[in-house]
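Structural overview for review
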Amino acid sequence: MQALRWHGQKDLRVETIAEPTPGKGQVKIRIEACGICGSDLHEYAAGPIFIPEGTPHPLTNEKAPIVMGHEFSGQIVEIGEAVTRFQVGDRVVVEPIYSCGTCAACKQGKYNLCDKMGFLGLAGGGGFSEYVAADEHMVHKIPDSISYEQGALVEPSAVVLHAVRSSQLKVGDRAVVFGTGPIGLLLIEALKASGAAEIYAVELSAERRNKAIELGAIGLNPADTDVVAEITRLTNGGADVCYEVTGVPVVLNQAIASTKIGGQIMIVSIFEREASIHPNQVVLKERNIAGIIGYRDVFPAVISLMERGFFPAEKLVTKRIALKDIVEEGFETLIKEKSQIKIIVSPKSE
């Protein structure tokens, strides 16, 4: 089968590799749609970050070259021994977190914080391929009312729903989203679903800012506006919760300064380098800073919200490409064209 493998920074290759065989407790899935994630871009441009290079991952025993892709949906085509919850033909998505089940975090049910945590598509074979084998407990059915393309948005939507659930946001609160790439735009949807009264979106790109406005946010351009002063004015003292979704150090400081007394800054992004803050920004206003990685126990809720019309693929997917074109038409396009939001790859053979 054809698959995209990460060999090194700026070195992605579509190659022919063996099809996976489902082991005990696994299902084999034919991939129908797979989205390119910001984490994938980080690995391409500045990796390895999560991808094991040299030493195999402790849970998958895999190392680079790794088949990438963790935002995907498909159909089960083969069942491994002892699988009880699925059958051939089921339409599914995969919750792509590997966890050990025995560390302190896993024993608390916080499997996304596992000491050995890894992601399918980063620590083991992923969805930029024609087929993938996944453990039964990682798989969730999707109803016929949700398209495969929509299903490819379940994973990133789970990130933002977990971010909102983990924050101190309450119904009627004011929130700010700093950065409206795919995750930031999905975060606006999660905030709407969670009852935020006002949502402000801070974004340099006019295309992405306009998309945020289309989704119901109030757009602010940091190039021509003192966003901290404007947010403080519009919210009468600062937002209840600010979500940082850029991974840019200066933006983190803006998010802190835009938060009210006793408010919260929730870090959703992955930073490629250190970010300096002045602790007094937190101390003197009794603000608090928190962060999330991935998600836990939210896939069913995301699927239910999608059935109600949240996280709409038709408003977020801007390009559809074949696997053979993924590097130039996918990764490079996302880096160069800020007008692109979510690119969906179809790995199926022609």
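Report follows, based on the coordinates. Bear in mind the structure is a predicted one, so any value in this text is a computation, not a measurement.

This paragraph deals with unusual backbone geometry. Outside of glycine, negative phi angles account for most residues, and trans bonds account for most peptide bonds. With an omega dihedral of 5°, the bond running from Gly47 to Pro48 counts as a cis peptide bond. Along the polypeptide, Pro48 turns up in the loop between helix H1 (38–46) and strand S4 (66–67). In this chain, Ala64 is followed by Pro65 through a cis amide linkage whose omega measures 5°. Counting through the fold element by element, Pro65 comes out in the loop between H1 and S4. With a phi angle near 60°, Lys10 is a residue other than glycine that sits in the positive phi range. As for its placement among the helices and strands, Lys10 is situated in the loop between strand S1 (2–8) and strand S2 (11–16).

Orientation of helix H4 (residues 154–166) relative to helix H5 (residues 182–193), taken along the N-to-C sense of each, is 55°, at an axis distance of 8 Å. Taken together, the axis directions place H4 and H5 in an arrangement best described as oblique. H5 is crossed by H4, and the crossing has right-handed handedness. Every residue of H5 that contacts H4 at Pro156, Ser157, Val159, Val160, Leu161 and Val164 is listed here: Ile183, Leu186, Leu187, Ala190 and Leu191. The residue makeup of the contact of H4 with H5, split by class, is 10 nonpolar, one polar and no charged.

Rules behind the numbers
- Residues numbered from 1 in each chain as written.
- Predicted model: local features only at pLDDT ≥ 70, side-chain atom pairs only at ≥ 80, totals over all residues.
- Heavy atoms only, no water.
- Helix = DSSP H or I, 4+ residues; strand = E, 2+ residues; numbered from the N terminus.
- Axes fitted to C-alpha atoms, helices over the stretch in contact; angles between N-to-C directions.
- Parallel < 35°, antiparallel > 145°, perpendicular 65-115°, else oblique.
- Left-handed = near helix turned anticlockwise from the far one by under 90°.
- Contact = heavy atoms within 4.5 Å.
- Nonpolar A, V, L, I, M, F, W, Y, C, P; charged D, E, K, R; others polar.

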